[in-house]
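Chain residues, written in single-letter form:
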Amino acid sequence: MTQPRQPLQPLSAELTARALPYSELADEIAALLAEPWVEVPPRMVMPLAGQGTLFVMPSTDGRLAVTKLITFTPANVGSTRPTIQGDVVVFDVASGERRLIIDGPTVTARRTAAVSLLAARRLAPNTDGPLLIVGAGVQGRAHLDAFVEGLGVEQVRIASRSPASARGLIDHARSRGLEALPAFDLRRALDECPLVVTVTPANGVVLDGTPRADAFIAAVGAFTPQMVELSPALCHDVAARGTVVVDTRDADHEAGDLIQAGIDVGVIAALAQVIREDWPRPAGPVLFKSCGWAGWDLAAARLALRAAG
């Protein structure tokens, strides 16, 4: 008599993180972007009561089919509950079998930071640091760890509207042996830091001023047309003096920073073009606008499945 199959147990957040080292994940994302057969339909975004949102994000490479199901609940800020909750479910296309379930918030944090790391590796004029991080939540910590592990950054400056969050991220950085200081004056920090990441809730402009000629800015927090972190003047300055790249063509209707600046996002190159055409490192400042894409979850699922054996 055939024994019933045991239910597939989700990987914990810790095991999911262990399966997704930042450098290897950045490499997997680059490999995925080079594959023309990857299919990623538009994500479904369903508004929920209390300003929450349900995201349904499917993708496939012909071998695996992946769906991320997560909720985003801004009301959880300041509570013990995370703002992002859910899972990534991985299926085998040939058999239809469910192969893996991994922790959605961990995947979201790590793949987002790995995309920024990949963009910095390919586009940043100066990868030495210091690194300025604006926003000290989950994504702030993920980006700090990714840039330390993937670029060898040794100095970091932290800015946050929450002094407690800033102190927490500074303590984490120092525990890794980094020189970590608070950034109270962001215009001065822009002068000092060639690497910049903005990962705030994107309720309003948090970064203004003139970036260095060798600056790389990864703007991550704003992922809808209504959200914004960067001033229009800063966006136009980089567009005039340097290079603007978006993560995917979905940014055409999601990149709030650029849309609100009146910039035609449709003519801006996406990261896949950078990878497939093997761009040389551009001259002048670089703005990388990241909005998110289910393809990043597919790359994470492929890496995690290999790690699971």
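Below, the structure is looked at part by part.

Conventions and cut-offs
- Residues numbered from 1 in each chain as written.
- Predicted model: local features only at pLDDT ≥ 70, side-chain atom pairs only at ≥ 80, totals over all residues.
- Heavy atoms only, no water.
- Helix = DSSP H or I, 4+ residues; strand = E, 2+ residues; numbered from the N terminus.
- Rg over C-alpha atoms; globule rule 2.2 N^0.38 Å.
- Buried < 20%, exposed > 50% of the residue type's maximum accessible area, 1.4 Å probe, protein only.
- Contact = heavy atoms within 4.5 Å.
- Areas by Shrake-Rupley, 256 points an atom, 1.4 Å probe, with all protein chains shown as cover.
- Lys, Arg positive; Asp, Glu negative; His and termini not counted.
- Charge placed at Lys NZ, Arg CZ, Asp CG, Glu CD.
- Polar contact = N/O pair within 3.5 Å; in protein donor to acceptor, adjacent residues only side chain to side chain.
- Phe/Tyr/Trp six-rings, centres within 6.5 Å; stacked < 30°, edge-to-face > 60°.
- Lys NZ or Arg CZ within 6 Å of the ring centre and 35° of its normal.
- Pairing = 2+ DSSP bridges.
- Axes fitted to C-alpha atoms, helices over the stretch in contact; angles between N-to-C directions.
- Parallel < 35°, antiparallel > 145°, perpendicular 65-115°, else oblique.
- Left-handed = near helix turned anticlockwise from the far one by under 90°.
- Nonpolar A, V, L, I, M, F, W, Y, C, P; charged D, E, K, R; others polar.
- Patch = residues over 30% accessible without salt bridge, like charges linked within 9 Å, V, L, I, M, F, W, Y side chains within 5 Å.
- Salt bridge = Lys/Arg side-chain N within 4 Å of Asp/Glu carboxyl O.

## Here's the deal with the overall build of the chain
Then comes step 1: Along its length, the chain carries ten helices and 15 strands.
Then comes step 2: Over its C-alpha atoms the chain spans a radius of gyration of 19 Å, differing by no more than 12% from the 19 Å that the globule rule assigns to 309 residues.
Then comes step 3: Taken over the C-alpha atoms alone, the chain extends approximately 70 × 40 × 40 Å along its principal axes.
Then comes step 4: Counting only residues that meet the buried cut, the chain has 53% of its 309 residues in that class.
Then comes step 5: Of the contacts made within the chain by residues no fewer than 6 positions apart, 68% connect residues no fewer than 24 positions apart.
Then comes step 6: Here the chain displays about 13700 Å² of accessible surface, and carbon together with sulfur accounts for 54% of that area.
Then comes step 7: Averaging the coordinates of the 28 positive side-chain charges in the chain and doing the same for the 33 negative ones gives two points 4 Å apart.

## Notes on the side chain of D61
Then comes step 1: Looking at the secondary structure, you find D61 in the loop between β2 (53-60) and β3 (64-72).
Then comes step 2: Residue classification places D61 among the buried positions, given a relative accessible area of 3%.
Then comes step 3: A polar atom in the side chain of D61 sits 2.8 Å from the backbone nitrogen of L64.
Then comes step 4: A distance of 3.0 Å separates polar atoms of two side chains, one belonging to D61 and the other to R302.
Then comes step 5: Once residues lying within four places of it in the same chain are set aside, the contact partners of D61 are E35, W37, V38, L298 and R302.

## Digging into the packing of aromatic side chains
What describes a pair of aromatic rings is the distance from one ring centre to the other and the angle between the planes of the rings.
Then comes step 1: For the coordinates displayed, the defined rule picks out three aromatic pairs.
Then comes step 2: Pairing F55 with F223 gives two aromatic rings, centres 6.4 Å apart and planes at 65°, and the pair type is edge-to-face. With F55 in strand β2 and F223 in the loop between β11 (216-219) and β12 (228-230), this residue pair connects regions lying 168 residues apart in the sequence.
Then comes step 3: One aromatic cluster is present, formed by F55, F72 and F223 through successive ring pairs.
Then comes step 4: If you follow R110 out to its NZ or CZ, it ends over the ring of Y22, 4.0 Å from the centre.

## Points about the environment of P82
Then comes step 1: The residue P82 is located in the loop between β3 and β4 (84-92) in this model.
Then comes step 2: Residues P82 and V138, 56 residues apart in the sequence, show an inter-C-alpha distance of 9.4 Å.

## Considerations on the sheet that holds strand β1 (residues 44-47)
Then comes step 1: Read from one edge of the open sheet, five strands run β1-β2-β3-β4-β5, paired in antiparallel fashion. With partners counted over all chains shown, the strands left at the sheet margins are β1 and β5 (98-103), one partner each. On average, adjacent strands in this sheet sit at an angle of 15° to one another, irrespective of strand direction.
Then comes step 2: Bridging between β2 and β3 involves eight bridges; their strand directions are antiparallel.

## Examining the pairing of β5
Then comes step 1: Relative to β5, β4 runs antiparallel, the two sharing five bridges. Paired with F91 across the two strands is R98, which belongs to β5.

## Here we look at the packing of helix α3 (residues 104-123) against helix α4 (residues 138-151)
Then comes step 1: At their nearest, the axes of α3 and α4 sit 8 Å apart, and the two run at 45° to each other. Regarding the angle of α3 to α4, the classification is oblique. Like other packed secondary-structure pairs, α3 and α4 cross with a definite hand, here right-handed. Where α3 approaches α4, its residues T108, A109, T112, A113, S116, L117, A120 and R121 are matched on the opposing element by V138, Q139, A142, H143, A146, F147, G150 and L151.
Then comes step 2: The class makeup of the residues in the contact of α3 with α4 is nine nonpolar, six polar and one charged.

## A few points about a nonpolar patch on the surface
Then comes step 1: Residues M44, M46 and L48 make up a contiguous nonpolar surface patch of about 250 Å² in total accessible area.
Then comes step 2: Tracing the backbone through its elements, the reader meets M44 in strand β1.

Nothing here speaks to function; it is geometry throughout.
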